[in-house]
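Structure assessment
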Amino acid sequence: MTKASLFTKVIFNYRMLYAVLLLLLNIHCKTEKKDKNNHKNHTPDQESIFKTPLGKEYKITDQSQKLKDQHRQAMSVYEKYPDSIEAIIWFGRRTAYLGNYDDAISIYTKGIEKFPAEPRLYRHRGHRYISIRKFNEAIADLEKAGKLIAGTKNTIEPDGMPNAKNIPVSTLHGNIWYHLGLAYYLKHDYENAFDAFLKCRMSGTLPDNIVSSTHWLYMIQRRLGNLELANEMLQPITTDMDIIENQSYYELCTLYKEMIPVESLLQTGTGTPSNDAVSYGLANWYFYNNDKDRAKKIMLNLVESSSWSSFGYIAAESDLLHYYPR
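Residues numbered from 1 in each chain as written. Predicted model: local features only at pLDDT ≥ 70, side-chain atom pairs only at ≥ 80, totals over all residues. Heavy atoms only, no water.

**Thoughts on the overall build of the protein chain**
This is how it is decided: To qualify as a helix, a DSSP run of H or I must reach at least 4 residues; to qualify as a strand, a run of E must reach at least 2; elements of each kind are numbered from the N terminus. Using a 1.4 Å probe on the protein chains alone, a residue whose accessible area is under 20% of its type maximum counts as buried, one over 50% counts as exposed, and one in between counts as partly exposed. Only heavy atoms enter the contact rule, under which two residues are in contact if any of them lie within 4.5 Å. With residues, only the protein chains shown are counted as cover, and all accessible areas are computed by Shrake-Rupley using a 1.4 Å probe.
Helices and strands together make up the secondary structure of the protein chain, namely 14 helices and two strands. For the protein chain, the residues scored as buried account for 47% of the 326 residues in total. In the protein chain, once contacts between residues fewer than 6 apart in sequence are set aside, the share between residues at least 24 apart is 59%. For the protein chain, the accessible area works out to roughly 17,300 Å², and carbon and sulfur atoms hold 54% of it.

**Overview of the pattern of salt bridges**
Quick reminder of the rule: Each reported salt bridge corresponds to a side-chain nitrogen of Lys or Arg within 4 Å of a carboxyl oxygen of Asp or Glu.
One pass over the structure, following the stated rule, counts nine salt bridges. Across the pair Arg-72 and Asp-69 runs a salt bridge whose closest N-O atoms are separated by 3.6 Å. With a gap of three residues between them, Arg-72 and Asp-69 both fall in helix α2 (residues 65-80), about one helical turn apart. The class of Arg-72 is partly exposed, set by a relative accessible area of 36%. A relative accessible area of 39% means that Asp-69 is categorised as partly exposed.

**Examining the packing of aromatic side chains**
What counts, and what does not: When the centres of two rings from Phe, Tyr and Trp lie within 6.5 Å, Trp using its six-membered ring, the rings pair. Their planes under 30 degrees apart give stacked, over 60 give edge-to-face, and anything left gives tilted. Two conditions define a charge sitting above a ring: the NZ of Lys or the CZ of Arg must be within 6 Å of the ring centre, and it must be within 35 degrees of the ring normal.
Evaluation of the coordinates by the stated rule reveals 17 aromatic pairs. A ring pair is formed by Trp-285 and Tyr-286, whose centres lie 5.1 Å apart and whose planes are at 85°; its orientation type is edge-to-face. Here Tyr-286 falls in the buried class, since its relative accessible area comes to 8%. Here the aromatic residues Tyr-178, Tyr-185, Tyr-190, Phe-197, Trp-216, Tyr-280 and Phe-311 are joined through ring pairs into a cluster of three or more. Over the ring of Trp-177 we find Lys-199; its NZ or CZ atom is 4.6 Å from the centre of that ring.

**Some points on the packing of helix α3 (residues 85-97) against helix α5 (residues 119-131)**
Packed helix pairs are characterised by how far apart their axes lie and by the angle those axes make with each other. Which entries qualify depends on this criterion: For helices, the fitted line uses only the C-alpha atoms of the stretch in contact; every axis is such a line through C-alpha atoms, and the angle between N-to-C directions lies from 0 to 180 degrees. An angle counts as roughly parallel when it lies under 35 degrees, as roughly antiparallel when it exceeds 145, as roughly perpendicular when it falls between 65 and 115, and as oblique in every other case. Classification used: nonpolar for Ala, Val, Leu, Ile, Met, Phe, Trp, Tyr, Cys and Pro, charged for Asp, Glu, Lys and Arg, polar for all others including Gly.
Taken N-terminus to C-terminus, the directions of α3 and α5 make an angle of 10°; their axes are 11 Å apart at the nearest point. Here α5 runs roughly parallel to α3, going by the angle between their axes. Of the residues in α5, those in contact with Ile-85, Glu-86, Ile-88, Ile-89, Arg-93, Ala-96 and Tyr-97 of α3 are Arg-120, Leu-121, His-124 and Arg-128. Here the contact of α3 with α5 is composed, by residue class, of six nonpolar, one polar and four charged.

**Remarks on the environment of Tyr-178**
If you trace the backbone, Tyr-178 turns up in helix α7 (residues 172-186). Considered as a pair, Tyr-178 and Lys-199 are 21 residues apart in the sequence and their alpha carbons are 8.2 Å apart. In this view, Tyr-178 contacts Phe-197, Cys-200, Ser-212, Trp-216, Tyr-249 and Phe-311; residues no more than four positions away in its chain are not counted.

**Brief notes about the packing of helix α6 (residues 135-148) against α7**
This is how the line gets drawn: By definition, turning the near helix anticlockwise from the far helix through less than a right angle yields a left-handed crossing, and turning it clockwise yields a right-handed one.
At their nearest, the axes of α6 and α7 sit 9 Å apart, and the two run at 150° to each other. By the angle between their directions, the pair α6 and α7 is classed as roughly antiparallel. Note that α6 runs across α7; the crossing there is left-handed. Mapping the contact onto sequence places Phe-135, Ala-138, Ile-139, Leu-142, Glu-143, Ala-145 and Gly-146 in α6 and Ile-176, Trp-177, His-179, Leu-180, Ala-183, Tyr-184 and Leu-186 in α7. Here the residues of the contact of α6 with α7 are counted per class, giving eleven nonpolar, two polar and one charged.

**A few points about the confidence of the model for the protein chain**
Which entries qualify depends on this criterion: Confidence of the predictor at the level of single residues is captured by pLDDT, which takes values from 0 to 100.
Residues with a pLDDT of 70 or more make up 86% of the protein chain, whose mean pLDDT is 88. Note that pLDDT drops below 50 for residues 3-14; the model gives that stretch one contact with residues more than four away or on any other chain. Low pLDDT (under 50) marks residues 17-25, which in the prediction has zero contacts with non-local residues, meaning those over four places away or in another chain.

**Considerations on α6**
Under the convention used in this document: Any helix carries an expected span of 1.5 Å times its number of residues minus one.
If you check α6, its first and last C-alpha atoms are 20 Å apart, about what 14 residues at 1.5 Å a residue would give, namely 20 Å. Within α6, the full set of buried residues consists of Phe-135, Ala-138, Ile-139, Asp-141, Leu-142, Ala-145 and Gly-146. Contact partners of the buried residues in α6: α5, α7 and α14 (311-323).

So, in structure tokens, the structure goes:
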């Protein structure tokens, strides 16, 4: 090989190497930009709109500074420890507390790709599927979570938004069965909903868990026309229960057990998850007591509130679509 041809070959190889380096650099820059854009999707300052099945539109904006700060902190931990299950869960939870449910679902989905046998990821993603009205997807996730916890010890689930006493009142198993029961209920599959809420009540003895599950167990049996079984479900409800968080469910259960008059709950407003729970419970009480016009009026008032992701709101919305389609 002549010196000229050898020189030409060396130059060619250098050019090829340079081209490969440029290609790799371009790919890295695009990936880095994509990652930054992904994190932008999780910032709390963006404005987005959620449209409900009834056609109502709600802007998701202007969360409290405390929630924003907690979100930024959770995101920072996640960026530092992207393979930590705890970091993934809390980043997802803090994102959801800002109303960014689709982003939270994406976070849990990425987590499931890394940890496909982690029930907490399915539990939280299932919850947020309910928030955006994807009930079939919620059921699939929560059924999966139910299978994954089989034979495992139940544990207290830490609160992301603590109650006044800062005492967690729910468990992993209880939350899985509760949200599964709710997802089935929202599809008007009352038999499967009843089975799930029964598992929820059997998952622990915390009074807050007892009243929340009993509320749905009673309503389901009334919807099915089983008054005797519905009343049997109220057996654990007493006047001296130490309720920390689910006061609204407790009040409704005492109404069902005729311990308080319905008039004592009629002035409850809407716009918070707790108030919406009471309003929906009252609407349902009128519904299965054959005053469907009054039930409809309460439900219509409820879906005018701003709390579009509360369970009471979503249940009223589902009933209006199913029982009052016009």
